[in-house]
Amino acid sequence: MTQSLKTYMDNRMELINQQLEQFVYALEIPARLQESMLYSIRAGGKRIRPILMLAACEAYGESSHRALAVACAVEMIHTYSLIHDDLPAMDDDDVRRGQLTNHKQFDEATAILAGDGLLTTAFYVIANQDALTDQEKSYLIKELSKASGPEGMVAGQMLDMEGENKRLDIKHLEAIHKRKTGELLRFSAVGGAYIGGATDSQLKEIEVYAGYLGLLFQIQDDILDVIGDEQDLGKPVGSDESNRKSTYPQLLGLEGAIEQKEHYAQKAKEALWKAGVDSTYLEDIIDYISNRNN
Ligand SMILES: CC(C)=CCC/C(C)=C/COP(=O)(O)OP(=O)(O)O
Ligand SMILES: C=C(C)CCOP(=O)(O)OP(=O)(O)O
């Protein structure tokens, strides 16, 4: 990661963490539910979706403050999805973000409710944002519900479950990842650019850029599941193999997966140039996502 992206990410991460904590802390809810929601929110993670949203907003000359609540909403939805993904009925995982999964620390029912609470609070904080116009809020709520709902991430999770124990081809694999991982990343980039004032044609190019980011993210995730370090990742490695999931390295080999990443990274850069932004951060994020070690 370049030094300037690292400084940028550290700085924005602090803003995001403070605001996220405040949003959850301000809720008047049962103490155990709040503790459980805060437990997963405070566990950290890379915060790549909210950082991408702020960077996309700033790339069009707007202050990141206008996008901050929406960026937190995206992270709440992502965190809910991980809590539910780890449940015994889904991946049945014990460790996430370097600590016990939510249902292991609390119990299954509390973890389900903590996820439900984060999902719904996400929409509440957008609807309550004075810094955004009604038209902006309506667009963002519609797009975020589409990206995270049954046509987006929820569909991706369903297809991912159905794909277990089957050898999928690359086309099928990418159709799953486009929804499961790609949709929230797409919303983060497009939503940020929208708040930043991008034109419709610029938004279309940002959407293409984000599509490649999603695929890059997933290829690297699959690679890390084979050659990553458990300590760096904060979650077990080898889970794709034990859950009998199709992955890029399995279908293309490790070398082939790396070549595919390079191809998509180039495509993402081309889309970014066409999107009329002069943002080194958005460009650096491509390399960060493809080469991250966690
Ligand atoms: C509606 C729900 C529950 C959506 C979950 C979406 C999601 C991206 C899960 C993590 O995927 P993964 O299992 O491939 O990643 P990890 O290895 O981090 O568990
Ligand atoms: C989409 C996938 C593969 C789940 C993990 O997402 P991240 O790798 O962004 O997880 P955190 O950093 O937020 O923990």
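For the structure itself, look to the data block above.
Residues numbered from 1 in each chain as written. Chains lettered and ligands numbered in written order. Predicted model: local features only at pLDDT ≥ 70, side-chain atom pairs only at ≥ 80, totals over all residues. Heavy atoms only, no water.

J.: How should I be thinking about the overall build of the protein in this particular structure?
T.: When you go through the protein residue by residue, the secondary structure sums to 14 helices and two strands. For a compact globule of 294 residues, the expected C-alpha radius of gyration is about 19 Å, and the protein comes in at 18 Å, within 12% of that figure. In the protein, the proportion of contacts linking residues at least 24 apart, taken out of those at least 6 apart, comes to 73%. On the protein, roughly 13400 Å² of surface is accessible, and the fraction owed to carbon and sulfur atoms is 49%. Side-chain charges in the protein split into 30 positive and 47 negative, and the spacing between the mean points of these groups amounts to 3 Å. (Helix = DSSP H or I, 4+ residues; strand = E, 2+ residues; numbered from the N terminus. Rg over C-alpha atoms; globule rule 2.2 N^0.38 Å. Contact = heavy atoms within 4.5 Å. Areas by Shrake-Rupley, 256 points an atom, 1.4 Å probe, with all protein chains shown as cover. Lys, Arg positive; Asp, Glu negative; His and termini not counted. Charge placed at Lys NZ, Arg CZ, Asp CG, Glu CD.)

J.: Help me understand the site of ligand 1 in this model?
T.: Lining the immediate surroundings of ligand 1 are Y80, S81, H84, D85, D91, R96, M153, V154, Q157, K180, K235 and K245. With respect to ligand 1, the side chain of D85 contributes an N or O atom lying 3.0 Å from an oxygen atom. Contact between ligand 1 and R96: an oxygen atom at 2.7 Å from a side-chain N or O atom of the residue. Alone, ligand 1 offers 510 Å² of accessible surface; in the complex the protein occludes 89% of this. Among the secondary structure elements, those contributing two or more residues to the shell around ligand 1 are α4 (68–85) and α8 (153–162). With four residues, the top contributor of residues to the shell around ligand 1 is α4. (Near = heavy atom within 4 Å. Polar contact = N/O pair within 3.5 Å; in protein donor to acceptor, adjacent residues only side chain to side chain.)

J.: Sorry, what's going on with the site of ligand 2 here?
T.: Lining the immediate environment of ligand 2, one finds G45, K46, R49, H78, L82, R97, T181, F217 and D221. Within the side chain of K46, a nitrogen or oxygen atom sits 2.5 Å from an oxygen atom of ligand 2. Contact with the protein chains removes 88% of the 400 Å² of surface that ligand 2 exposes when unbound. Looking at the shell around ligand 2, the elements with two or more residues in it are α4 and α10 (200–227).

J.: Could you clarify how one ought to interpret the packing of α4 against α8 in this entry?
T.: When two helices pack together, you describe them by how their axes are tilted relative to each other and by the distance separating the axes. Where α4 meets α8, the closest approach of the two axes is 12 Å, and the angle between their N-to-C directions is 25°. Judged by the angle between their axes, α4 and α8 are roughly parallel. As α4 runs across α8, the sense of the crossing is right-handed. Packed against α4, whose contacting residues are I77, Y80, S81 and D85, the element α8 presents M153, V154 and Q157 at the interface. Taken together, the residues of the contact of α4 with α8 break down into four nonpolar, two polar and one charged. (Axes fitted to C-alpha atoms, helices over the stretch in contact; angles between N-to-C directions. Parallel < 35°, antiparallel > 145°, perpendicular 65-115°, else oblique. Left-handed = near helix turned anticlockwise from the far one by under 90°. Nonpolar A, V, L, I, M, F, W, Y, C, P; charged D, E, K, R; others polar.)

J.: What should I look at first to understand the side chain of D160 in this one?
T.: Secondary-structure assignment places D160 in helix α8. For D160, a relative accessible area of 8% puts it in the buried group. Apart from the residues within four sequence positions on either side, D160 is in contact with I176, K180 and K245. (Buried < 20%, exposed > 50% of the residue type's maximum accessible area, 1.4 Å probe, protein only.)

J.: Explanation requested: the pattern of salt bridges in the structure shown.
T.: Scanning all chains against the criterion turns up 20 salt bridges. Residue R96 pairs with D85 through a salt bridge whose shortest N-O separation is 3.4 Å. Taken together, the positions of R96 in strand β1 (residues 95–96) and D85 in helix α4 put the pair eleven residues apart, joining distant regions of the chain. On the accessibility criterion, R96 (15% relative accessible area) is buried. Since its relative accessible area comes to 12%, D85 is described here as buried. Ionic pairing is found between K269 and D287, a salt bridge with its closest N-O pair at 3.2 Å. Placement of K269 in helix α13 (residues 248–274) and of D287 in helix α14 (residues 280–291) is noted, with a sequence separation of 18 residues between them. Via salt bridges that share partners, D91, D160, K180 and K245 belong to a single interconnected network. (Salt bridge = Lys/Arg side-chain N within 4 Å of Asp/Glu carboxyl O.)

J.: Would you take a moment to explain the environment of D221 for this structure?
T.: With respect to the helices, strands and loops of the structure, D221 is situated in helix α10. A C-alpha to C-alpha distance of 35 Å links D221 and A131, two positions 90 residues apart in sequence. Aside from chain neighbours lying at most four places away, what touches D221 is K235 and R292.

J.: Quick question: what am I supposed to make of the environment of Y209 here?
T.: Tracing the backbone through its elements, the reader meets Y209 in helix α10. By relative accessible area, which is 0% here, Y209 ends up buried. Apart from residues no more than four positions distant in its own chain, Y209 is found in contact with L52, A189, A268, A271, L272, L282, I285 and I286.

J.: In this structure, what is going on with the state of the cysteines? I would like to understand it.
T.: Put plainly, two cysteines are in a disulfide when a covalent bond ties their sulfur atoms together. Tallied over the entire structure, the rule returns zero disulfides. Sulfur of C57: no disulfide; nearest cysteine sulfur belongs to C72 and is 13 Å away. Residue C57 is classed as buried on the basis of its relative accessible area, which comes to 0%. (Disulfide = S-S within 2.5 Å.)

J.: Mind showing me how you'd approach the packing of α4 against helix α7 (residues 134–148) here?
T.: Relative orientation of the contacting elements α4 and α7 amounts to 20°, with a least axis distance of 12 Å. With respect to their mutual orientation, α4 and α7 come out roughly parallel. In this structure, α4 meets α7 at a crossing whose hand is right-handed. Touching V70, A73, V74 and I77 of α4 are L140, L144 and S148, all from α7. Of the residues assigned to the contact of α4 with α7, the class counts are six nonpolar, one polar and no charged.

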